[in-house]
Structure formats: C-alpha cells, structure tokens
Amino acid sequence: MSPDGSPPEPSPYIHPSAEVENGAVVGPGTKIWHVAHVRSTARIGAGCTVGRNVYVDADVTIGDHVKVQNNVSVYVGVTIEDDVFVGPSAVFTNDHNPRATNTDWKITPTRVRRGASIGANATIVCGVEIGEYALVAAGAVVTRDVLPNQLVAGNPARPRGWVDERGEVVSRDPQRPAGL
C-alpha cells in the first residue's frame with residue numbers, strides 16, 4: 001500500500017530486447033515489447049502498450065492508455081494524447097521538405113487528440129491535427145486536419161462519415177451530425 005492507503009502503481013514492463021534510453025519517462029503499468037526503441041527525452045504515459053519494433057523518437061509525448069501496435073514510427077514533433085489507438089505499421093512524418101543533407105530542416109508538429117484511432121499502414125503527414133475520437137482508415141494518407149469524430153479514408157484521406165466514441169459509424173453525411 002502507498003502512504004495514502006491506495007494500492008501501489010504497477011511498474012512499467014520493458015522487454016529485455018527493448019531499448020529505453022536513460023532519461024525517457026515511462027508511466028506505471030506501461031508495457032514496452034520486443035525490440036522497441038524509446039529515445040531519451042520521450043514521455044510515455046501510464047497504462048500504455050508499445051508493440052514490437054516501435055520507434056518513439058526524442059521529445060515525443062504519448063499520453064495515458066495509448067496502444068501503439070507493432071512496427072509504428074513516431075518521430076520528434078508528434079504528440080499523442082490519452083486513449084489513442086495507433087494501428088500496425090502506421091508512420092508519422094515530421095518534415096515537409098526532407099533531404100538527406102539538409103542541416104537546417106524544421107520540425108513540423110503533429111497532434112493526435114484524445115480517443116482517436118489510426119488504422120494499419122496509415123501515413124500521417126506532419127502538420128496535421130487529428131481530432132478527438134476521429135477514425136483514420138487503414139492505409140489512409142492524412143495530409144489535412146481531421147475533425148473530431150470524423151472518419152477519413154483514402155490517398156489522400158478524404159471525409160467518409162462520422163463516428164461515435166466507440167468508433168461506430170453514425171452518419172455518412174458530409175455535415176457533422178447533431179450530438180457529436
């Protein structure tokens with residue numbers, strides 16, 4: 001028991017093959033699996049799952065209760081809020097004009113809001129905001145902001161409807177339904 005009488009928070013679990021650099025913050029109850037790599041200034045909240053072969057770059061912030069599936073790359077400049085799902089092999093970019101030899105490149109921030117879901121193999125181009133409880137379909141290439149509760153799909157991703165907090169499609173109308 002902790003001093004206030006509540007049960008102690010569970011320690012994070014870090015698989016022996018994972019690399020979590022000194023200085024990284026990993027919250028209680030978080031699990032970091034096989035060959036994942038978390039950089040020194042990354043922050044991962046409580047109760048998260050970071051799958052096999054996930055890369056979490058320096059200065060990335062991941063909130064509480066986030067599930068990051070296998071083979072995801074989360075680069076510097078990305079903020080993922082609480083309760084987000086990131087599907088297998090999704091990738092976030094952070095530079096609009098990447099060059100191998102550019103010494104003055106600029107990080108373009110990206111934010112994924114609370115409760116959003118990103119499907120497998122989606123690409124999130126830097127500089128966008130994915131709204132609360134939005135749903136990005138598998139394989140989508142997101143080049144523009146996604147509104148809260150909006151469903152987007154395709155390359156480039158386009159609006160395809162609206163979802164509730166459980167991810168269920170509630171409308172295919174172009175306009176946001178009342179009550180969402």
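A.B. asks: Residue-level account of the packing of aromatic side chains, with values.
C.D. replies: Following the criterion strictly, the structure yields two aromatic pairs and no others. Each ring, one from Tyr13 and one from Trp33, has its centre 5.1 Å from the other, and the planes form 50°; the classification is tilted. Of the two residues, Tyr13 sits in strand β1 (residues 13-14) while Trp33 sits in the loop between β4 (31-32) and β5 (37-38), which places them 20 residues apart along the sequence. The partly exposed category is assigned to Trp33, whose relative accessible area is 29%. A ring pair is formed by Tyr55 and Tyr75, whose centres lie 5.7 Å apart and whose planes are at 50°; its orientation type is tilted. Placement of Tyr55 in strand β8 (residues 55-56) and of Tyr75 in the loop between β11 (73-74) and β12 (78-80) is noted, with a sequence separation of 20 residues between them.

A.B. asks: Any details on the side chain of Thr108? Residues and values, ideally.
C.D. replies: Note on placement: Thr108 falls in the loop between β14 (91-92) and β15 (110-112). Residue class for Thr108 comes out buried when judged on its relative accessible area of 18%. Excluding residues that lie within four positions of it along the chain, Thr108 makes contacts with Asn94, His96, Cys126 and Gly127.

A.B. asks: Can you explain the pattern of salt bridges? Please cite residues and give values.
C.D. replies: Evaluated as defined, the whole model comprises eight salt bridges. One salt bridge connects Asp57 with Arg39, and the closest N-O pair in it is separated by 3.3 Å. Residue Asp57 is located in the loop between β8 and β9 (61-62), and its partner Arg39 is located in the loop between β5 and β6 (43-44); the two are separated by 18 residues in the primary sequence. Owing to a relative accessible area of 9%, Asp57 belongs among the buried residues under this scheme. A salt bridge links Arg114 to Asp83, with the nearest nitrogen and oxygen atoms 3.0 Å apart. Of this pair, Arg114 sits in the loop between β15 and β16 (117-118) while Asp83 sits in the loop between β12 and β13 (85-86), and the two are 31 residues apart along the sequence. For Arg114, a relative accessible area of 33% corresponds to the partly exposed category. For Asp83, a relative accessible area of 30% puts it in the partly exposed group. If you follow the salt bridges from partner to partner, you end up with Glu81, Arg111, Arg113 and Glu129 in one network.

A.B. asks: Got a sec to walk through the sheet that holds β6? Specific residues and values, please.
C.D. replies: Hydrogen bonds between backbone groups are what pair the strands of a sheet, and the pairing can be parallel or antiparallel. The parallel open sheet is built from six strands, whose spatial order is β3-β6-β9-β12-β15-β18. Each edge of the open sheet is held by one strand with a lone partner, namely β3 (25-26) and β18 (129-130).

Here is what the cut-offs are and how they apply
- Here the residue index of a chain counts from 1 through its sequence in written order.
- Owing to the predicted nature of the model, reporting of local features is limited to residues with pLDDT of at least 70; listing and counting of side-chain atom pairs is limited to 80 or more, with chain, interface and lining totals taken over all residues.
- In computing side-chain properties, one takes all heavy atoms of the structure into account and sets aside hydrogens as well as water.
- Pairing of aromatic rings covers Phe, Tyr and Trp, the last through its six-membered ring, and needs centres within 6.5 Å; plane angles under 30 degrees mean stacked, over 60 mean edge-to-face, and all others mean tilted.
- Counting from the N terminus, the helices are DSSP H or I runs at least four residues long and the strands are E runs at least two residues long.
- When accessible area is computed with a 1.4 Å probe and restricted to protein chains, residues below 20% of their type maximum are described as buried, those above 50% as exposed, and intermediate ones as partly exposed.
- Contacts: residue pairs with any heavy atoms within 4.5 Å of one another.
- The salt bridge definition used is simple: a Lys or Arg side-chain nitrogen within 4 Å of an Asp or Glu carboxyl oxygen.
- Two strands are said to pair when DSSP picks up at least two bridges between them.

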